[in-house]
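Chains, contacts and geometry: an overview
Here is what each chain is made of, one letter per residue.
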Amino acid sequence: MTSTLHPSHVAAAPQSAAIRTVALFEAFKGAVVLMAASGLLSLLHKDVHALAAKLIEHLHLNPASHYPQIFLDATSNLHDSRLVWLAVGAGAYALVRFVESYGLYGEKAWAEVLAAVSGAIYVPFELAELFHQPTWHGALLLAFNLFVVVLMLWALLHRRKRARRKGA
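Below: a short report on this structure. Since the structure is predicted, the reported quantities are computational estimates derived from the model, not experimental observations.

The rules we used
- Throughout this document, residue positions are counted from 1 along each chain, in the order its sequence is written.
- Reporting of local features is limited, given that this is a predicted model, to residues whose pLDDT is at least 70; pairs of side-chain atoms are given and counted only at 80 or more, and all residues count toward the totals for whole chains, interfaces and linings.
- With hydrogens and water set aside, each side-chain value is computed from the structure's full complement of heavy atoms.
- Any residue with relative accessible area above 30% and no salt bridge may belong to a patch, with like charges joined within 9 Å and the nonpolar Val, Leu, Ile, Met, Phe, Trp and Tyr side chains within 5 Å.
- Here the accessible surface of atoms and residues is derived via Shrake-Rupley with a 1.4 Å probe, and residues count as covered only by protein chains that are part of the display.
- By convention in these notes, a salt bridge is any Lys or Arg side-chain nitrogen within 4 Å of a carboxyl oxygen on Asp or Glu.
- Each residue is placed in one exposure class: buried if its accessible area under a 1.4 Å probe, protein chains only, is under 20% of its type's maximum, exposed if it is over 50%, and partly exposed if it falls in between.
- Comment: elements are numbered from the N terminus, with helices defined as DSSP H or I runs of at least four residues and strands as E runs of at least two.
- Angles shown run from 0 to 180 degrees and are taken between the N-to-C directions of axes, each axis being a line fitted to C-alpha atoms and, for helices, limited to the stretch in contact.
- Here the angle decides the label: under 35 degrees means roughly parallel, over 145 means roughly antiparallel, 65 to 115 means roughly perpendicular, and every other value means oblique.
- For a crossing to be left-handed, the near helix must be turned anticlockwise from the far one by less than a right angle; the clockwise case is right-handed.
- In what follows, a contact means two residues having at least one pair of non-hydrogen atoms within 4.5 Å.
- Residue polarity follows a fixed list, in which Ala, Val, Leu, Ile, Met, Phe, Trp, Tyr, Cys and Pro are nonpolar, Asp, Glu, Lys and Arg are charged, and the others, Gly among them, are polar.
- Counting rule applied: Lys, Arg positive; Asp, Glu negative; His and chain ends not counted.
- Within 3.5 Å is the distance limit for a polar contact, defined as a pair of N or O atoms, with the added protein rule that one can donate a hydrogen and the other accept it, and that residues adjacent in sequence qualify only through two side-chain atoms.

Structural notes on a nonpolar patch on the surface
- A cluster of nonpolar side chains, namely Val113, Val117, Ile121, Tyr122 and Phe125, defines an oily patch on the protein surface of about 490 Å² accessible area.
- Judged by relative accessible area, which is 46%, Val117 ranks as partly exposed.

Regarding the pattern of salt bridges
- Taken as a whole and judged by the stated rule, the model has five salt bridges.
- Salt-bridge contacts for Arg97 lead to Glu26; the nearest nitrogen and oxygen are separated by 2.9 Å. Pair noted here: Arg97 is in helix H4 (residues 80-105) and Glu26 is in helix H1 (residues 7-42), with a separation of 71 residues, a long-range link. We note that Arg97, like Glu26, is buried.
- Arg159 is paired through a salt bridge with Glu112; the nearest N and O atoms lie 2.9 Å apart. Placement of Arg159 in helix H6 (residues 136-167) and of Glu112 in helix H5 (residues 109-132) is noted, with a sequence separation of 47 residues between them.
- Connected through shared salt-bridge partners, Glu26, Lys29, Arg97 and Glu100 make up one network.

Here we look at the packing of H4 against H5
- Close contact between H4 and H5 brings their axes to 8 Å; oriented N to C, the two are set at 130°. It follows from the interaxial angle that H4 and H5 lie oblique. Crossing hand, H4 versus H5: left-handed. Side by side, H4 and H5 meet where Tyr93, Val96, Arg97, Val99, Glu100, Gly103 and Leu104 of the first sit next to Trp110, Ala111, Glu112, Leu114, Ala115, Ser118 and Tyr122 of the second.
- Per-class residue counts for the contact of H4 with H5 are nine nonpolar, two polar and three charged.

Points about the side chain of Glu126
- Residue placement: Glu126 occurs in helix H5.
- Of the side chains with opposite charge, Lys29 lies nearest to the buried Glu126, which makes no salt bridge, at 8.5 Å.
- Within the structure, Glu126 has its side chain in polar contact with the side chain of Asn145 (distance 2.6 Å).
- Contacts of Glu126, omitting those with residues within four sequence positions, involve Leu141, Leu142 and Asn145.

Some thoughts on the packing of H5 against H6
- One can describe the packing of H5 onto H6 by two numbers: an axis separation of 8 Å at closest approach and a directional angle of 150°. Looking at the two axes, H5 sits roughly antiparallel to H6. Our pair here, H5 against H6, has a crossing hand that is left-handed.
- Residues belonging to the contact of H5 with H6 are distributed by class as follows: 19 nonpolar, three polar and three charged.

Scope: geometric values only; no functional claims are made or implied.
Structure follows, in structure tokens:
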């Protein structure tokens, strides 16, 4: 028995695959940030400045040079309460990424809206950074975010068209 596919179903298959790829990437980002939050919590009750100094020494960097000094200065302001708040913020961010990933994988409209909005938020900052200091990875990040925003808007538009066709 042969089946014929409606043209909207043919277009939906690559769209679904792309959205599920974005969902997996969002889950990956959530996992990475969750690991970072765990790492932050492991630093509680430790001398973070001393650990940073040991890391700089281990990497054979000059602690008086610009970037290692910025790193050392930042660690001197990290106290247990600040580490906890950073970890809580990272945990909240990871939770949003996991919820978004779950919704995108299930092809939920609310997740497509969330992905479009969360991707679009970064675009002005990425554009400003590209104008200020153009780099290939900045351009790649901007292109990826624009792709996600356009993909989600396209999915939402097609969802609306399908709903209109069903209602007619």
